[in-house]
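# A look at the structure
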Amino acid sequence: DGNSAGSLAVRAFIENKQPYLTLHGHIHEAPHLSGAYIMSIGNTICINPGQEPAKLHAVTFELNDVKKSIKHTIFDSKT
């Protein structure tokens, strides 16, 4: 419904500590609803590959340049 469902405590931690990278997945439908599986909070790169009932979503990347090397892949159980 457009309301934020993420953890305010996790977001506050990211905003305050600014780690290089965070990986998320609890809100499986978030990338489908937002249209993005990667975003930034300040200097932190945040990744949530998403998930669907019959499809496995995955991301791969090189740590030295996440934004340029990231690849989002969807594996369909029917293939």
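For the structure given in this document, a descriptive report is provided here.

Conventions we followed
Residues numbered from 1 in each chain as written. Predicted model: local features only at pLDDT ≥ 70, side-chain atom pairs only at ≥ 80, totals over all residues. Heavy atoms only, no water. Helix = DSSP H or I, 4+ residues; strand = E, 2+ residues; numbered from the N terminus. Buried < 20%, exposed > 50% of the residue type's maximum accessible area, 1.4 Å probe, protein only. Contact = heavy atoms within 4.5 Å. Areas by Shrake-Rupley, 256 points an atom, 1.4 Å probe, with all protein chains shown as cover. Lys, Arg positive; Asp, Glu negative; His and termini not counted. Charge placed at Lys NZ, Arg CZ, Asp CG, Glu CD. Salt bridge = Lys/Arg side-chain N within 4 Å of Asp/Glu carboxyl O. Pairing = 2+ DSSP bridges. Axes fitted to C-alpha atoms, helices over the stretch in contact; angles between N-to-C directions.

On to the overall build of the protein, then. In terms of helices and strands, the protein carries three helices and five strands. Helices and strands appear in the protein in the N-to-C order α-β-α-β-β-β-α-β. In the protein, buried positions account for 18% of the 79 residues. Of the contacts made within the protein by residues no fewer than 6 positions apart, 33% connect residues no fewer than 24 positions apart. Accessible surface computed for the protein: about 5,900 Å², of which carbon and sulfur atoms make up 57%. With 7 positive and 7 negative side-chain charges, the protein shows a separation of 5 Å between the mean positions of the two kinds.

Quick look at the pattern of salt bridges now. Counted by the stated rule, this structure contains one salt bridge. Between Glu 15 and Arg 11 there is a salt bridge, with the nearest N and O atoms lying 2.9 Å from each other. Here the residue Glu 15 and the residue Arg 11 both occupy positions in helix α1 (residues 8-17), the gap between them amounting to four residues, near one helical turn. For Glu 15, a relative accessible area of 41% translates into the label partly exposed. Overall, the relative accessible area of 39% leaves Arg 11 in the partly exposed class.

Another point: the sheet that holds strand β2 (residues 38-41). Taken in spatial order, the three strands line up as β1-β3-β2 in an open sheet, and their pairing is mixed. Among the strands making up the open sheet, the edge pair consists of β1 (21-23) and β2. Neighbour-to-neighbour, the strand axes of this sheet turn through a mean angle of 25°, independent of strand direction. As defined by bridge partners, β2 adjoins strand β3 (residues 44-47) across four bridges and the pair is classed as antiparallel. What sits directly across from Ser 40, in β3, is Ile 45.

Functional significance is not addressed by these values, which are geometric in nature.
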